[in-house]
Amino acid sequence: MIERLNSIKQEILDGIENHANSRATAFELRKQFLDSKTGKIGQLMKEMKNIAPEERANFGKSVNELKDWASSVFADLDEKMKAKELELKYKAEKIDVTIDADSEETGNLHPITQMRNQLIDVFAGMGFEIFEGTEIENDYYNFTALNTPADHPARDMQDTFYLSPEFLLRTQTSAGQIHVMEKEKPPIKILSPGKVFRSDDDATHSPMFTQMEGLVVDKKITLCDLKGMLDMFVQKIYGEETTTRLRPSYFPFTEPSVEVDVSCFECGGKGCKLCKGTGWIEILGAGIVNKKVLENCGIDSEEYSGLAFGIGIERVAMLKYGINNIKHLFESDINVLNQINDN
């Protein structure tokens, strides 16, 4: 029996030397010998009945001594394995602070966001306040209150995204001016930026784009005030030598209505590929607010007048940054976006 105890002791030492290379394997080895139910040392006590009565005391003492020795050995082994694993962890997580850091590219705002912020800065400097309406509008605010006839082509299903007979995705941020004029009394000076939606898709148009509507309502507002504001706007965006010209046009919500051209900032008005040899580039629509629109909002059209203009932010950005396809602004091509950074 003493030989058996010595054999178990040697098994433990051999197992530690050959197999215990982690805390997990050390635990499994300990379990083989010290588990209360299945461990080899625990099983020895069950053989007490086979030992001669006069030898049982010495046998029990020897088994307990083996058990205490094994417990001590495995405790030391666990501490060594713990220290070893901690050392490996530190080694794996070690950072050499002297080596060069991985290069990281600095992000920048999307071109549309950059242009939006620039426009807001320009008009905020002229005293405009920001109003952001909702992207879902009803027919009244998007069309009727803006003096758009019931048979106007803009109301057609092929031009407008209808959600129901009454509600639609707004086709213009002009709807915001109606909300403001209904709630506020003149003088009014607001800028309304936001996404708008139209059934249109080609190199210069997108079903979703960003518009910025400007509205001023006060006494004795004229086209001269409109041109002065727009001249300041284009000079801030395209350079101090840039100017505007107004061409007659038609919009249901303004009378008179104008298309606004900007002098070509690429050739200085001499004629080039960008301006198609004319020296001018069409940039936005504007006009004097139609009296019917003012009256729809409860504003006395005999005492007050107003001006309004709508800027397509994508168009302004495409012209400034030389982008020839509006889809480049929506595809998030990092090679394109990295070339545009006015921050």
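Just so we're clear, the structure is a prediction, and the values are computed from it rather than from any experiment.

Caption draft 1: Spotlight on the side chain of Ser 305. Inspection of the secondary structure assignment puts Ser 305 in strand β9 (residues 305-312). Within the local environment of Ser 305, its side chain forms a polar contact with the backbone nitrogen of Ile 221, the two atoms lying 2.9 Å apart. Setting aside its immediate chain neighbours within four residues, Ser 305 contacts Val 216, Val 217, Asp 218, Lys 220, Ile 221 and Leu 294.

Caption draft 2: Representation of the pattern of salt bridges. Tallying each qualifying case throughout the model produces ten salt bridges. Glu 132 is paired through a salt bridge with Arg 116; the nearest N and O atoms lie 2.9 Å apart. Of this pair, Glu 132 sits in the loop between β1 (129-130) and β2 (136-138) while Arg 116 sits in helix α5 (residues 111-124), and the two are 16 residues apart along the sequence. Lys 291 is the partner of Glu 302 in a salt bridge, and the nearest nitrogen-oxygen pair spans 3.8 Å. Here Glu 302, found in the loop between α9 (291-296) and β9, pairs with Lys 291, found in helix α9; they are eleven residues apart in sequence, far enough to count as distant. Its relative accessible area of 66% is what places Glu 302 among the exposed residues. Residues joined in a network through salt bridges with shared partners are Arg 245, Arg 247, Asp 261 and Glu 282.

Caption draft 3: Structural view of the state of the cysteines. Summed over all chains, the structure comprises zero disulfides. Free cysteine Cys 264: the closest other cysteine sulfur is in Cys 267, separated by 3.5 Å.

Caption draft 4: Molecular detail of the domain arrangement of the protein chain. Domain boundaries assigned for the protein chain yield domain 1 (2-92) and domain 2 (111-337). Between the C-alpha centres of domain 1 and domain 2 the distance comes to 85 Å.

Caption draft 5: Here's a closer look at helix α1 (residues 2-18). Between its first and last C-alpha atoms α1 spans 24 Å; for 17 residues at 1.5 Å apiece the expected length is 24 Å, and the two agree. When α1 is considered as a whole, its buried residues turn out to be Leu 5, Ile 8, Ile 12, Gly 15 and Ile 16. Take α1 and look down its axis: the buried residues cluster within an arc of 100°, on one side only. Residues of α1 that are exposed and angled more than 90 degrees away from the buried face: Ile 2, Glu 3, Glu 17 and Asn 18. Buried residues along α1 sit against α2 (23-34), α3 (40-45) and α4 (56-93).

Caption draft 6: Looking closely at the packing of aromatic side chains. Counted according to the given criterion, the structure contains seven aromatic pairs. Look at Phe 123 and Phe 309: their rings are 5.1 Å apart centre to centre, the planes differ by 25°, and that puts the pair in the stacked class. Of this pair, Phe 123 sits in helix α5 while Phe 309 sits in strand β9, and the two are 186 residues apart along the sequence. For Phe 309, a relative accessible area of 1% translates into the label buried. Pairing Phe 251 with Phe 253 gives two aromatic rings, centres 6.1 Å apart and planes at 10°, and the pair type is stacked. One aromatic cluster is present, formed by Phe 123, Phe 128, Phe 233 and Phe 309 through successive ring pairs.

Caption draft 7: Local environment of a nonpolar patch on the surface. A cluster of nonpolar side chains, contributed by Ile 136, Leu 163 and Phe 167, occupies part of the molecular surface with about 280 Å² of accessible area. The exposure class assigned to Ile 136 is partly exposed, which follows from its relative accessible area of 48%.

Caption draft 8: Main features of the nonpolar core. Core analysis: the largest hydrophobic core is formed by 43 residues, its most contacted members being Phe 233, Ile 283, Leu 284, Phe 309 and Ile 311. Every element with two or more residues in this core is listed here: α5, β5 (208-218), α8 (223-238), β7 (254-263), β8 (280-289), β9 and α10 (313-321). When neighbours within four sequence positions are excluded, Ile 311 is seen to be in contact with Leu 119, Phe 123, Thr 210, Gln 211, Met 212, Phe 233, Leu 284 and Val 316. If you look at the next biggest cluster of nonpolar residues, it comprises 21 residues, including Ile 12, Phe 33, Met 48 and Val 73.

Caption draft 9: Representation of the pairing of strand β6 (residues 244-251) within the structure. Where β6 meets β7, seven bridges bridge the pair, whose relative direction is antiparallel. Paired with Phe 251 across the bridge in β7 is Thr 254. Linking β6 back to β7 in an antiparallel pair, the connection comprises two residues.

Caption draft 10: Fine view of the sheet that holds strand β4 (residues 188-197). Spatial strand order, β1-β4-β5-β9-β8-β7-β6: seven strands in an open sheet with mixed pairing. Looking at the sheet topology across the chains shown, the edges are occupied by β1 and β6. Where β5 meets β9, eight bridges bridge the pair, whose relative direction is antiparallel. Looking across to β9, one finds that Met 212 is bridged to Ile 311.

Calculation rules
- Residues numbered from 1 in each chain as written.
- Predicted model: local features only at pLDDT ≥ 70, side-chain atom pairs only at ≥ 80, totals over all residues.
- Heavy atoms only, no water.
- Helix = DSSP H or I, 4+ residues; strand = E, 2+ residues; numbered from the N terminus.
- Polar contact = N/O pair within 3.5 Å; in protein donor to acceptor, adjacent residues only side chain to side chain.
- Contact = heavy atoms within 4.5 Å.
- Salt bridge = Lys/Arg side-chain N within 4 Å of Asp/Glu carboxyl O.
- Buried < 20%, exposed > 50% of the residue type's maximum accessible area, 1.4 Å probe, protein only.
- Disulfide = S-S within 2.5 Å.
- Domains from an automatic or database assignment.
- Expected span 1.5 Å × (residues − 1).
- Arc of directions from axis to C-beta.
- Phe/Tyr/Trp six-rings, centres within 6.5 Å; stacked < 30°, edge-to-face > 60°.
- Patch = residues over 30% accessible without salt bridge, like charges linked within 9 Å, V, L, I, M, F, W, Y side chains within 5 Å.
- Areas by Shrake-Rupley, 256 points an atom, 1.4 Å probe, with all protein chains shown as cover.
- Core = buried A, V, L, I, M, F, W, Y, C linked by side-chain atoms within 4.5 Å.
- Pairing = 2+ DSSP bridges.

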